[in-house]
Amino acid sequence: VMMILIVVIAPPATIGPSEGELAPDFSTEAYSGGNWENYRLSDTFDYDWNEGEQGEWILIQFIDTDCPYCWTEGKTMSDLYAQWSNDVEFITVAVELSSLSGHDSDREEIEAFRDKTNYGTDESDGDGCNSGRNNCASRNGEVHNWQYVDDLNGDSMQSWDVGGTPFHLILKPNGEVAWNQAQHTDDGQSIDNALSIFLGD
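Reading guide: rules and limits
- Per chain, the residues get numbers from 1 upward, laid out in the order the sequence is written.
- The model is predicted, so local features are restricted to residues of pLDDT at least 70 and side-chain atom pairs to those at 80 or more, both for listing and for counting; the totals for chains, interfaces and linings are taken over all residues.
- No hydrogens and no water enter the side-chain calculation; it runs on all heavy atoms of the structure.
- Note on terminology: a nonpolar core comprises buried Ala, Val, Leu, Ile, Met, Phe, Trp, Tyr and Cys residues joined through side-chain atoms within 4.5 Å.
- Each residue's exposure class comes from its accessible area (1.4 Å probe, protein chains only) as a fraction of the maximum for that residue type: buried when under 20%, exposed when over 50%, partly exposed otherwise.
- In DSSP terms, a helix is any run of H or I states spanning at least four residues, a strand is any run of E spanning at least two, and both are numbered starting from the N terminus.
- Whether two residues are in contact is decided by their heavy atoms, any of which lying within 4.5 Å being enough.
- What counts as a salt bridge is simple: a side-chain nitrogen of Lys or Arg found within 4 Å of a carboxyl oxygen of Asp or Glu.
- This arc is taken over the directions from the axis of the helix to the C-beta atoms.
- Between N or O atoms, a polar contact is any pair within 3.5 Å; within protein, one atom must be a potential hydrogen donor and the other a potential acceptor, and residues adjacent in sequence are included only when both atoms are from side chains.
- Planes of paired rings set the category: under 30 degrees apart is stacked, over 60 is edge-to-face and the rest tilted, where pairs are Phe, Tyr or Trp rings (Trp by its six-membered ring) whose centres lie within 6.5 Å.
- Put simply, a disulfide is two cysteine sulfurs that come within 2.5 Å.

Chemist: Is there a simple way to explain the nonpolar core in this structure?
Modeler: Side chains of nonpolar character tend, in soluble globular proteins, to be buried together. Residues Leu59, Leu80, Val88, Phe90, Ile170, Ile191 and Leu195 are the most contacted members of the largest nonpolar core, which totals 30 residues. Ranked by residues supplied to this core, first place goes to helix α2 (residues 68-84) with five residues. Setting aside anything within four residues of it in sequence, one finds leucine 59 in contact with Met77, Val88, Glu89, Phe90, Ile91, Leu169, Ile191 and Leu195. Phe45, Leu97, Met157 and Leu171 belong to the second largest nonpolar core, which has 21 residues in total.

Chemist: Help me understand the pattern of salt bridges in this model?
Modeler: Should their charged atoms come close, side chains of opposite charge can pair. Following the criterion strictly, the structure yields seven salt bridges and no others. A network of salt bridges, in which partner residues are shared, links Glu29, Arg107 and Asp150.

Chemist: Looking at this structure, how should I read the environment of isoleucine 191?
Modeler: Structurally, isoleucine 191 can be placed in helix α5 (residues 191-199). Setting aside residues no more than four positions away along its own chain, isoleucine 191 makes contact with Leu59, Leu80, His168, Ile170 and Trp179.

Chemist: How should the side chain of threonine 165 be read in this particular structure?
Modeler: Inspection of the secondary structure assignment puts threonine 165 in the loop between α4 (155-159) and β6 (167-171). The contacts of threonine 165, once residues within four sequence positions are left out, are Phe62, Ile63, Asp64, Cys67, Tyr69, Cys70, Val95 and Leu97.

Chemist: Help me out: how do you make sense of α5 in this one?
Modeler: An α-helix turns once per 3.6 residues; consequently, residues spaced three or four apart project the same way. Every buried residue of α5 is listed here: Ile191, Ala194 and Leu195. With its buried residues spanning 100 degrees around the axis, α5 presents them on a single face. Tucked inside the fold, the buried residues of α5 contact β3 (57-63), α2, β4 (88-94), β6 and β7 (177-180). Directly beyond the C-terminal end of α5, a positive phi value near 85 degrees is found at glycine 200.

Chemist: How do you make sense of helix α3 (residues 107-115) when you look at a structure like this?
Modeler: Residues Glu109, Ile110, Ala112, Phe113, Arg114 and Asp115 constitute the buried set of α3. The inward-facing, buried residues of α3 abut β1 (27-31), β2 (36-40), β3, α2, β4 and β5 (147-150). Between the side-chain oxygen of the N-cap and the backbone nitrogen of glutamate 108 there are 3.2 Å, and the N-cap of α3 in question is aspartate 106. Where α3 terminates, the next one or two residues include lysine 116, which has phi positive at roughly 55 degrees.

Chemist: Could you clarify how one ought to interpret the packing of aromatic side chains in this entry?
Modeler: The geometry of an aromatic ring pair is captured by the separation of the ring centres together with the interplanar angle, meaning the angle of the planes. Counted according to the given criterion, the structure contains 13 aromatic pairs. Between the aromatic rings of tryptophan 71 and phenylalanine 113, the centroid separation amounts to 6.4 Å while the plane-to-plane angle is 65 degrees, which identifies the pairing as edge-to-face. In this pair, tryptophan 71 is assigned in helix α2 and phenylalanine 113 in helix α3, connecting sequence segments 42 residues apart. For the residue pair tryptophan 71 and phenylalanine 113, the accessibility class agrees, reading buried in each case.

Chemist: Explanation requested: the state of the cysteines in the structure shown.
Modeler: By definition, a disulfide links the sulfur atoms of two cysteines through a covalent bond. Under the criterion given, the structure shown has one disulfide. Between the sulfur of cysteine 129 and that of cysteine 136 lies a disulfide, 2.1 Å long from S to S. Linking cysteine 129 and cysteine 136, the disulfide has an S-S dihedral of approximately 100 degrees and is accordingly described as right-handed. This pair shows no difference in class: cysteine 129 is buried, exactly as cysteine 136 is. As a non-bridged cysteine, cysteine 67 has cysteine 70 as the owner of its nearest cysteine sulfur, 3.0 Å distant.

Right, dumping it as structure tokens:
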């Protein structure tokens with residue numbers, strides 16, 4: 001009876017992208033090298049997880065495949081995955097910064113960016129990654145062997161208060177936001193520094 005009362009009278013979790021809040025959920029389709037399949041972020045949460053326990057943390061990266069900084073970060077993400085993939089689930093959310101010239105994307109471009117496959121040319125013909133300047137197959141880093149989520153309509157970008165790309169967050173295994181890049185602009189803490197703090201060197 002006491003347990004039921006505690007659950008009933010406990011205040012609901014605050015949902016939002018800030019540290020200490022429960023991460024906003026999203027349901028869309030994701031690509032992991034095969035077909036695009038239904039995907040819901042909250043399905044990855046372990047609501048029974050408690051501080052100090054073992055569990056799989058979650059790194060969320062927002063990118064635009066035409067963003068030059070995201071293009072450069074391709075290798076950084078490969079390096080992070082090589083170091084942390086045993087303890088962290090990686091999720092890349094692909095958005096479209098349509099207000100910027102040359103930032104027109106589609107699922108074919110997202111697939112090519114993730115898989116490092118032939119798409120577009122190295123000429124400025126509007127096709128390809130990095131605002132059409134590069135063939136997606138020439139991206140630095142390895143093939144990204146994790147989920148790429150379709151948010152080309154920008155729904156998740158709004159609920160997560162993402163102002164630009166690339167943008168990173170780290171979630172605890174239970175879905176609580178542990179680290180939000182926007183809250184560390186003053187201290188300069190990077191995503192790899194944050195992972196080291198939460199998970200050890």
